[in-house]
Amino acid sequence: MEVPEEEESAAPRRRRRGRRTALLLTGAGVLGLVAGTCAGYLVQAEREPTPLPPLSQPELKRAAGEAPEPLPVSRDRQVRTDGDLRKLVLRKPTGAQKAGWLTEPVEWLDMADYANMYDDPSRAYANMAPDFRRAVTTGWETDTYTVEINLVQHRQDETLAAKKAVENHQYWATFDGSDPESDFSENKDVKSWTIPGTEEGMAYVDTVPDTEPGYEPLYRASAHAWRGDINMEIWIYGSEPIAKKTILGIAERQMERL
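Thresholds applied
Residues numbered from 1 in each chain as written. Predicted model: local features only at pLDDT ≥ 70, side-chain atom pairs only at ≥ 80, totals over all residues. Heavy atoms only, no water. Helix = DSSP H or I, 4+ residues; strand = E, 2+ residues; numbered from the N terminus. Buried < 20%, exposed > 50% of the residue type's maximum accessible area, 1.4 Å probe, protein only. Contact = heavy atoms within 4.5 Å. Areas by Shrake-Rupley, 256 points an atom, 1.4 Å probe, with all protein chains shown as cover. Salt bridge = Lys/Arg side-chain N within 4 Å of Asp/Glu carboxyl O. Expected span 1.5 Å × (residues − 1). Core = buried A, V, L, I, M, F, W, Y, C linked by side-chain atoms within 4.5 Å. Polar contact = N/O pair within 3.5 Å; in protein donor to acceptor, adjacent residues only side chain to side chain.

On to the overall build of the protein chain, then. What the protein chain contains, in helices and strands, is six helices and eight strands. Counting from the amino terminus, helix and strand elements in the protein chain follow one another as α-α-β-β-α-α-β-β-α-β-β-β-β-α. The burial tally for the protein chain puts 30% of its 258 residues in the buried class. At a minimum sequence separation of 6, the contacts of the protein chain that also span at least 24 residues come to 53%. Accessible area for the protein chain stands at about 18600 Å²; split by element, carbon and sulfur atoms hold 52% of it.

Written out as C-alpha cells, the structure reads:
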C-alpha cells in the first residue's frame, strides 16, 4: 500500500518528537537518581559500621563407615546404554528369518537413514537434528508377519527428547485425519494397551487393514515406549490381524533389555 506524501513527511517528525520526549524523561530520571544516591550516601556515612560475621565455619564431621560400592554394570543403566547399543536389541526368535532389508542381524542407523523412514524425510531430519545421537535397527520375518525394532538414543541436555519422540509416535498411532476441521480425530479402528513394566508405554493394533489397489490388505501393530534417553519403536505388519499378545510380548521383552 502506498503512503500519501503528507504522511511520509509527517512520520519522521512524529518519530523524532517521541525520541526527544524520551530523552527529556531519561534526563529527569538521571537527575533524580543522582540526588537520591547522594542523600543515601550521607545517611549511611553517619551510621556506625556493622561488624561482619566471622569467616571461619564449624568443622563438618565425616560420616562413619565405608563409602558404598559402585553399582555393578548389570544395575547401572547408564553404563549399559552408553555401550554398544546393538547388544540391547531383542534377538529374533527361533524359527524366524532375518528381515530382508538387513545385511546384518542388527545394524546402525545414521540420522539420514532414520529420517528416510518418515513420509517427509527432510522435515523429520530437521526436527531430530538437535537431539539425535544414534540408532540401531533389527527385524525378522515369519510366515504371517514382519517385525521391525528401532532403538533411538537422544541427547537430552535441555529436554526429554526420548519421551517427546514417543509421545509423537503415540499421537499418530491413533490419528485418523478424516475430519479436516478437527486438530485430532481418533481412529476408532485402533485398539491400545499399556505395555507391562512401563508407565506411559503403549501398544496399538489396527483392527482394519490398509488397502491399496494392486496390494494385498495389510494389518499393522506398533509399540512405543521410552526409558532414560532411549525410545523404542516396534512395528509389525502382516497379512492377518496382529494378536494383542504378539505385540505386547515383543514390547515387554525389549523393554526388559533396557
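What follows covers the pattern of salt bridges. Scanning all chains against the criterion turns up four salt bridges. Its salt-bridge partner being R86, residue D84 comes within 3.0 Å of it at the nearest N-O pair. Under the relative-accessibility criterion, D84 is labelled partly exposed at 26%. In this structure, D229 engages R133 in a salt bridge whose closest nitrogen and oxygen atoms are separated by 3.9 Å. Note that D229 is positioned in the loop between β7 (219-227) and β8 (230-238) and R133 in strand β3 (residues 132-141), a separation of 96 residues in sequence. The class of R133 is partly exposed, set by a relative accessible area of 35%.

Looking now at helix α6 (residues 244-257). The end-to-end C-alpha separation of α6 is 20 Å, in line with the 20 Å expected for 14 residues at 1.5 Å each. Of all the positions in α6, only T246, I247, L248, G249, I250, A251, Q254 and M255 are classed as buried. Considering only its buried residues, α6 is in contact with β3, β4 (145-154), β5 (190-194), β6 (202-206), β7 and β8.

We now examine the nonpolar core. The biggest cluster of nonpolar side chains holds 29 residues, and the ones touching the most others in it are M232 and I234. The element best represented in this core is α6, accounting for five residues. Ignoring any residue separated from it by four or fewer positions in sequence, one finds I234 in contact with V147, E148, I149, A221, S222, A223, I247, I250, A251 and Q254. If you look at the next biggest cluster of nonpolar residues, it comprises nine residues, including L109, M111, A124 and M128.

The next subject is the environment of W108. With respect to the helices and strands, the residue W108 is situated in strand β2 (residues 106-109). The partly exposed category is assigned to W108, whose relative accessible area is 38%. Expressed as a C-alpha distance, the spacing of W108 and T137, which sit 29 residues apart in the sequence, is 6.4 Å. What W108 contacts, discounting residues up to four positions off in sequence, is D84, L85, R86, R134, A135 and V136.

On to the side chain of S222, then. Here S222 is to be found in strand β7. Taking relative accessible area as the criterion, S222 reaches 5% and is therefore assigned buried. A polar side-chain atom of S222 sits 3.3 Å from a polar atom in the side chain of H224. Leave out the neighbours within four places in its chain, and S222 touches A173, M202, A203, Y204, I234, W235 and I247.

Functional significance is not addressed by these values, which are geometric in nature.
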